[in-house]
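Chain residues, written in single-letter form:
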Amino acid sequence: MPKALSEQDAEAFRERICQAAARLFVEEGPAAVSMRRIAAELGCGTMTPYRYFASKEQIVTAVRTRGMHRFSEALERALDTPGDGRVRSRAVRDAYIAFARRETATYRLMFEYPEPHREDPAYREAHARMWRTIAAHVEVLVAEGAVEADAPLLGHQIWAALHGAVMLEIAGLLPEGFDAASLHTRTAGTLFEAARPGRGQA
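First, a word on scope: everything that follows refers to the structure included in this document. As the structure is a prediction and not an experimental result, all values here were calculated from the model. (Residues numbered from 1 in each chain as written. Predicted model: local features only at pLDDT ≥ 70, side-chain atom pairs only at ≥ 80, totals over all residues. Heavy atoms only, no water.)

### Details of the packing of aromatic side chains
Cut-off, in case you're wondering: Here the aromatic set is Phe, Tyr and Trp, taking the six-membered ring for Trp, and pairing holds for ring centres within 6.5 Å; pairs whose planes are under 30 degrees apart are stacked, those over 60 apart are edge-to-face, and all others are tilted. Each helix is a run of DSSP H or I of at least 4 residues and each strand a run of E of at least 2, with the numbering of both proceeding from the N terminus. Think of it in three bands: residues with accessible area under 20% of the maximum for their type are buried, residues over 50% are exposed, and the middle band is partly exposed, with areas taken using a 1.4 Å probe on protein chains only.
Following the criterion strictly, the structure yields 8 aromatic pairs and no others. Arranged with centres 5.3 Å apart and planes meeting at 65°, the rings of Phe 71 and Phe 99 form a pair that is edge-to-face. With Phe 71 in helix H3 (residues 56–79) and Phe 99 in helix H4 (residues 85–102), the pair connects residues that are 28 residues apart, well separated along the chain. With relative accessibility at 0%, the residue Phe 71 sits in the buried group. When the ring of Tyr 96 is compared with that of Tyr 107, the centres are 5.8 Å apart and the planes differ by 75°; the resulting orientation is edge-to-face. One end of the pair, Tyr 96, is in helix H4; the other, Tyr 107, is in helix H5 (residues 104–112), with 11 residues separating them in the sequence. Residue class for Tyr 96 comes out buried when judged on its relative accessible area of 2%. When its relative accessible area of 0% is taken as the criterion, Tyr 107 is described as buried. Grouping aromatic residues by their ring pairs yields a cluster made of Phe 71, Tyr 96, Phe 99, Tyr 107, Phe 111, Trp 131 and Trp 159.

### Focus: the nonpolar core
Definition in use: Definition used in this section: a nonpolar core is a set of buried Ala, Val, Leu, Ile, Met, Phe, Trp, Tyr and Cys residues joined via side-chain atoms within 4.5 Å.
By size, the foremost hydrophobic cluster in this structure holds 26 residues, and its most contacted members are Met 68, Phe 71, Leu 75, Tyr 96, Ile 97, Tyr 107 and Val 166. Listed in part, the 21 residues of the second largest apolar core include Ala 10, Cys 18, Val 33 and Leu 42.

### Description of helix H8 (residues 180–194)
As a reminder of what qualifies: An expected span of 1.5 Å times one less than the residue number is assigned to each helix. Two residues qualify as a contact provided that any one of their heavy atoms is within 4.5 Å of a heavy atom in the partner residue. By the criterion applied in these results, polar contacts are pairs of N or O atoms within 3.5 Å in which, for protein atoms, one can donate a hydrogen and the other can accept it, and in which residues neighboring in sequence qualify only through two side-chain atoms.
The first and last C-alpha atoms of H8 sit 21 Å apart over 15 residues, in line with the 21 Å expected at 1.5 Å per residue. Taken as a whole, H8 has its buried residues at Ala 180, Ala 181, His 184, Ala 188, Leu 191 and Phe 192. Considering only its buried residues, H8 is in contact with H4, helix H6 (121–144) and helix H7 (151–171). Two or three places before Ala 181, at the start of H8, stands the capping residue Asp 179, its side-chain oxygen 3.2 Å from that residue's backbone nitrogen.

What is shown is where atoms sit, not what they do.
So, in C-alpha cells, the structure goes:
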C-alpha cells in the first residue's frame, strides 16, 4: 500500500506534474501531453497522476492557473515599486519579460493552449487577477494625468505588443541588436504618445 503523502508533499508532487506537462508541451507539442507520458517523465506508475488530477485537461488548467497567479504576483510586485507611472510601468514590463524568460514553458502553455476548463473557479479567479494586472499600470498613468485612455483597452494594446515581442524573442526572430524590452520600448512609446492628454484635440 502506497505511503500516504502529507499535503505539503502532495502539493509538491502536483507541481512536478504541472512542470512535466509544461515541458512536454513546449518540447514536443500539445499531443505529447498525456497522462502516460507525464507518468513516464516523473518515473512513476501510469495511474499515479490520476490520484492528483482527473485528466490531462485538468493538468493543463492547473498549469495555467498556477502560472497566472505567479505571473500576476510578479507584475503586482513590480508595480509596487517607487517612482512615477512611467518608471513603474517599465518595471512591470521588465517583470513580464523576466517571467517569460524564467518560466518559458509555463508562459507558452498559458497563452498557446486552448482553454479547456474556462468555468473552473480557480482558473477564473487567476484569469481575472491577470486581467487586472494588465490594466493596473495604465490606471496609475491615468491617475497621474500622463495619459487619457480607457485603462483596460490601452493595457491590452500594450500587452499584445509585449507578448508579440516576447514570443519573437523566444523564437529567436527579433532583428539583430533588439530584445523584447528594446523593441517594446519603441512600441509602448508610440502608444503612450497617442494617449497623451490633449493629443486628440484640435
